[in-house]
Amino acid sequence: MSDVFDVLMSRRSVKFVQAPGPTEDQLELILSAALRAPDHGAIKPWRFVLVRGADVPALVDVGVRAGIAADKPLQQPKVDNARKWLSKVPLVIALGCRPDPSGRIREQESLLAVGAAVMNMLNAAHALGFGAFWSTGMGTYLDGVGEALGFDALNERFMGYLAIGTPIDAPDPVRRPDWRDHVSEWHAPAEA
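Criteria and cut-off values
Residues numbered from 1 in each chain as written. Predicted model: local features only at pLDDT ≥ 70, side-chain atom pairs only at ≥ 80, totals over all residues. Heavy atoms only, no water. Helix = DSSP H or I, 4+ residues; strand = E, 2+ residues; numbered from the N terminus. Buried < 20%, exposed > 50% of the residue type's maximum accessible area, 1.4 Å probe, protein only. Contact = heavy atoms within 4.5 Å. Areas by Shrake-Rupley, 256 points an atom, 1.4 Å probe, with all protein chains shown as cover. Lys, Arg positive; Asp, Glu negative; His and termini not counted. Charge placed at Lys NZ, Arg CZ, Asp CG, Glu CD. Salt bridge = Lys/Arg side-chain N within 4 Å of Asp/Glu carboxyl O. Pairing = 2+ DSSP bridges. Expected span 1.5 Å × (residues − 1). Polar contact = N/O pair within 3.5 Å; in protein donor to acceptor, adjacent residues only side chain to side chain.

Draft legend 1. Expanded view of the overall build of the chain. When its secondary structure is counted, the chain shows six helices and five strands. Listed by position from the N terminus, the elements making up the chain come as α-β-α-β-α-α-β-α-β-α-β. In terms of principal-axis extent, the alpha carbons of the chain reach across some 65 × 45 × 35 Å. Among the 192 residues that make up the chain, the fraction classed as buried is 35%. Sequence-distant contacts, at least 24 apart, represent 81% of the contacts inside the chain between residues at least 6 apart. When the accessible area of the chain is evaluated, it comes to approximately 11,900 Å², of which 54% is carbon and sulfur surface. The centroid of the 20 positive side-chain charges in the chain is displaced by 3 Å from the centroid of its 23 negative side-chain charges.

Right, here's the structure in full:
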């Protein structure tokens, strides 16, 4: 199997990471890989905000404030777990999408392009020896969180967080589903 397939077949989400995070050169590779994702209409919908070091734990406070403002306070155990998790994470990339402002390309296609970009970042981080985890916690779906991170509420959709760092523990192997359980084959109907 080629090195590419070794990377693809061994990748898994790794939530608990610590410093060191990617160097500037490694981060450039990760972000450059993101922008190789498919992009119908060349909309370039990707929007990323880097949060590093001591600023990372403050992300929890952004979610807590948004929950209170929306009268949907985050449960204290979730807040405590998020604080514990982020206390060691060296890099978080906030993920956003700016769909086609003309409406020519459907929003769903721009969202898919950002999803593909995030998958490229996950694979690139793994190829470089880092662990990474895409989270939609910490108030991702609450009004105000995206805006607090610098996303334009009128033109951009906040899509969560990508945490990247050195795995704290060796990841356990994951039993993957059999692809045959998720694939069918279509045939054109026979003509009468």
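Next, the rest of the story.
Draft legend 2. Structural view of the pattern of salt bridges. Scanning the entire structure with this criterion turns up five salt bridges. Ionic pairing is found between Asp178 and Arg180, a salt bridge with its closest N-O pair at 3.1 Å. Using a relative accessible area of 52% as the deciding quantity, one classes Arg180 as exposed.

Draft legend 3. Spatial organisation of the pairing of strand E5 (residues 157-167). The element E5 is extensively covered by neighbouring structure, given that eight of its eleven residues are classed as buried. By the bridge criterion, two bridges tie strand E1 (residues 17-18) to E5 in an arrangement that is antiparallel. Looking at E5, one finds that Gln18 is bridged to Thr166. Pairing geometry for strand E4 (residues 131-135) and E5, over five bridges, is antiparallel. Across the sheet, residue Gly131 finds its bridge partner in E5, namely Gly165.

Draft legend 4. Local environment of unusual backbone geometry. Here the amide bond leading from Ala19 into Pro20 is cis, since omega sits at 5°, within 30 degrees of zero. Its location among the elements puts Pro20 in the loop between E1 and helix H2 (24-34). One non-glycine residue, Ala42, adopts positive backbone phi at about 50°. Relative to the elements of secondary structure, Ala42 occurs in the loop between H2 and strand E2 (46-52). Despite not being glycine, Lys44 has its phi angle at roughly 55°, a positive value. Relative to the helices and strands, Lys44 is located in the loop between H2 and E2.

Draft legend 5. Seen up close, helix H5 (residues 107-127). For H5, spanning 21 residues, the distance from its first C-alpha to its last is 30 Å, which sits close to the expected 30 Å at 1.5 Å a residue. Taken residue by residue, H5 has Ser110, Ala113, Val114, Gly115, Ala117, Val118, Met121, Leu122, Asn123, Ala124 and Ala125 as its buried positions. Remark: Gly129 follows H5 within two positions and exhibits a positive phi of approximately 95°.

Draft legend 6. Spatial organisation of the side chain of Asp100. Along the polypeptide, Asp100 turns up in the loop between strand E3 (91-97) and H5. Buried charge without a salt bridge: Asp100, with Arg104 as the nearest opposite-charge side chain at an N-O distance of 4.4 Å. Looking at Asp100, its side chain comes within polar contact range of the side chain of Ser102, at 2.9 Å. Engagement of the side chain of Asp100 in a polar contact is seen with the backbone nitrogen of Ile105, the distance being 2.9 Å. Discounting chain neighbours no more than four positions away, the residues touching Asp100 are Ile43, Ile105 and Ser110.

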